[in-house]
Structure formats: structure tokens, C-alpha cells
2 protein chains.
Amino acid sequence: MDDFDLGALIKDHRKKAGLTQLELADLAGVGKTTVFDIEKKKKTVRLNNLFAVLRVLNIKVEFKSPLNK
Amino acid sequence: MDDFDLGALIKDHRKKAGLTQLELADLAGVGKTTVFDIEKKKKTVRLNNLFAVLRVLNIKVEFKSPLNK
DNA sequence: ACTTTTTTACTGTTATAACAGTAAAATAAT
DNA sequence: ATTATTTTACTGTTATAACAGTAAAAAAGT
């Protein structure tokens, strides 16, 4: 669940969108270091910053449990 | 995507697991304030802390995009 | 090969998340 | 209704994420 390489997913989508780290950072309203950290799988980033990046790249988040499945 | 009430989901699962905020916090290895903040939809929590809580509650995270769908 | 762009990596500073402690509401239990 | 438990809310302190700046390494373009 947690070992999933979210950084690679984001990098891949960023590339396909033709964006540099800096451009993505600007669009998401975060610093370039934050985008770099996220792609490098840093786990201590703030949720709102990650979500801001995901929003730009049109990546949606879903939460699944044995209950609400 | 972002307006989803994750706090309510977590609170619901915690209740169904018969855990108090403090117990969940201890199990997840975070402070009680963090669990409180997460349930109150605070968006600036750290990713690793949120994931630690989700792990205890058996809630999985999925990332979906128009590409990898 | 050279130039330009991008990424990686490190810095010092600033803002703030995380935390334990406390106490007052709110809720549940007897 | 009392008591006990849990949740909410507020503190001050500490740890660290975020940030811009810089520069070197890597990649892409000419």
C-alpha cells in the first residue's frame, strides 16, 4: 500500500504533460524542492502540497477498505 | 477529488474498530493531536503520518489517472 | 563537441506540523 | 443525576518541511 512508487507515477505524468519540475511546482503553487522531494519518494511531505501536485496532473486519489469497497 | 471527507472515513473506521483517538494514535505511532487533526480534515498533515493511521485501519490508497486507468 | 536545459544536491532561513500537557465540552456508561 | 470516558480546543516547545538561492551533475538539443 505504501511501497507503491508514487514518485515515479508523478514523474511519468509530468513528463507526459511536457512539464519541468519547476513548471509543475509553479502550477501547483509549491516550491521546486517540494516537487523534487515528492518524486524522490520523500514521505514527510505535506498532504496539501502532494494533492496540489496531483491535481495539476489529473491524478485522482481513492481510499478503499474492506468495509466501503 | 480533494473535497472528499477523509476525516469522516477515518473516524468511522476507527469507531468500527472500537478504538479511541488516543489508542489509534499509539498504534499508528503518532500523537493524539495528529489523529484529531486528520479527523478534522486538516490538510497540512504529513503524508507519512496519514499513511500510518490508514495502515492501522486497513484503508488502502489508490491513485488513478486517465492514463493508467 | 558545444550549448542549453533540466535535474539533483546542498545550504541557511522561516514557517509551521507534531507533540505532550492541560482543561473544558461532549458523550457514554452506571 | 453522577461518574467515567472521550473528544475538542488551547497552550508552549521542538523538530523539521518548505522555500529560494546556488552550483554541480545529468540530459537534451544544436
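Residues numbered from 1 in each chain as written. Chains lettered and ligands numbered in written order. Predicted model: local features only at pLDDT ≥ 70, side-chain atom pairs only at ≥ 80, totals over all residues. Heavy atoms only, no water.

Participant: Which residues make up the packing of helix α2 (residues 21-28) of chain B against helix α4 (residues 47-56) of chain B, and what values go with them?
Facilitator: All names here are of chain B. Across the interface, α2 lies against α4 with an axial gap of 9 Å and an inter-helix angle of 105 degrees. Regarding the angle of α2 to α4, the classification is roughly perpendicular. Every residue of α4 that contacts α2 at Leu24, Leu27 and Ala28 is listed here: Ala52, Val53 and Val56. Grouping the constituent residues of the contact of α2 with α4 by class yields 6 nonpolar, no polar and no charged. (Axes fitted to C-alpha atoms, helices over the stretch in contact; angles between N-to-C directions. Helix = DSSP H or I, 4+ residues; strand = E, 2+ residues; numbered from the N terminus. Parallel < 35°, antiparallel > 145°, perpendicular 65-115°, else oblique. Contact = heavy atoms within 4.5 Å. Nonpolar A, V, L, I, M, F, W, Y, C, P; charged D, E, K, R; others polar.)

Participant: Lay out the relation of the copies chain A and chain B in plain terms, naming residues and giving numbers.
Facilitator: For the pair of chain copies, the relating operation is a rotation around an axis with a shift along it. In the superposition of chain A on chain B (RMSD 0.0 Å, axial shift 0.0 Å), the rotation amounts to 180 degrees. Each copy turns onto its partner about a two-fold axis. By residue overlap, the copies meet face to face through one surface: 100% of the interface positions of chain A are interface positions in chain B. (Least-squares fit on C-alpha atoms with pLDDT ≥ 70 in both.)

Participant: Please set out the protein's contact with DNA strand D residue by residue, giving values where relevant.
Facilitator: Around DNA strand D there are 18 residues in total, and Gly31, Thr34 and Arg46 of chain A together with Arg14 and Gln21 of chain B lie nearest to it. Listed by contribution, the elements that provide at least two residues to the surface near DNA strand D are α3 (32-39) of chain A together with α1 (6-16) of chain B. Looking at the surface near DNA strand D residue by residue, the class counts come to 3 nonpolar, 7 polar and 8 charged. (Near = heavy atom within 4 Å.)

Participant: Outline the environment of Ile38 of chain B, listing residues and values.
Facilitator: Residues and elements named next belong to chain B. Among the secondary structure elements, Ile38 is positioned in helix α3 (residues 32-39). A sequence separation of 27 residues divides Ile38 from Lys11, and the C-alpha atoms of the two residues are 9.1 Å apart. If near-sequence neighbours (up to four positions away) are discounted, Ile38 is found in contact with Gly7, Ile10, Val45, Asn49, Leu50 and Val53.

Participant: Please set out the interface of chain A and chain B residue by residue, giving values where relevant.
Facilitator: Residue-level contacts link 28 residues of chain A with 28 residues of chain B. Buried area between chain A and chain B, summed over both chains or domains, comes out near 2900 Å², and the portion from carbon and sulfur atoms is 67%. Our enumeration of links across chain A and chain B arrives at 0 salt bridges. Remark: the boundary between chain A and chain B carries 9 residue pairs in polar contact (both at pLDDT 80 or more). Counting only elements with at least two residues in the side of chain A that touches chain B, the list comes to α1 (6-16), α4 (47-56) and β1 (60-64) of chain A. Counting residues per element, the side of chain A that touches chain B draws most heavily on α4 of chain A, at 6 residues. For the side of chain A that touches chain B, the class distribution of residues is 14 nonpolar, 6 polar and 8 charged. Pairing geometry for β1 of chain A and strand β1 (residues 60-64) of chain B, over 5 bridges, is antiparallel. The residue of β1 of chain B that forms the bridge with Glu62 of chain A is Glu62 of chain B. (Buried area = accessible area lost by both parts, 1.4 Å probe. Salt bridge = Lys/Arg side-chain N within 4 Å of Asp/Glu carboxyl O. Polar contact = N/O pair within 3.5 Å; in protein donor to acceptor, adjacent residues only side chain to side chain. Pairing = 2+ DSSP bridges.)

Participant: Describe the protein's contact with DNA strand C, naming the residues involved and giving the relevant values.
Facilitator: In the region of DNA strand C, 18 residues are neighbours, and Arg14 and Gln21 of chain A together with Gly31, Thr34 and Arg46 of chain B sit closest. Close to the protein, within 4 Å, the atoms of DNA strand C belong to sugar or phosphate groups at a rate of 77%. In this structure, a phosphate oxygen belonging to DNA strand C sits 3.4 Å away from a side-chain N or O atom of Lys11 of chain A. Those elements that provide at least two residues to the surface near DNA strand C are α1 of chain A together with α3 of chain B.

Participant: Could you give an account of α3 of chain B, naming the residues involved and the relevant values?
Facilitator: Listed as buried for α3 of chain B are Thr34, Val35, Asp37, Ile38 and Glu39 of chain B. The inward-facing, buried residues of α3 of chain B abut α1, α2 and α4 of chain B. (Buried < 20%, exposed > 50% of the residue type's maximum accessible area, 1.4 Å probe, protein only.)

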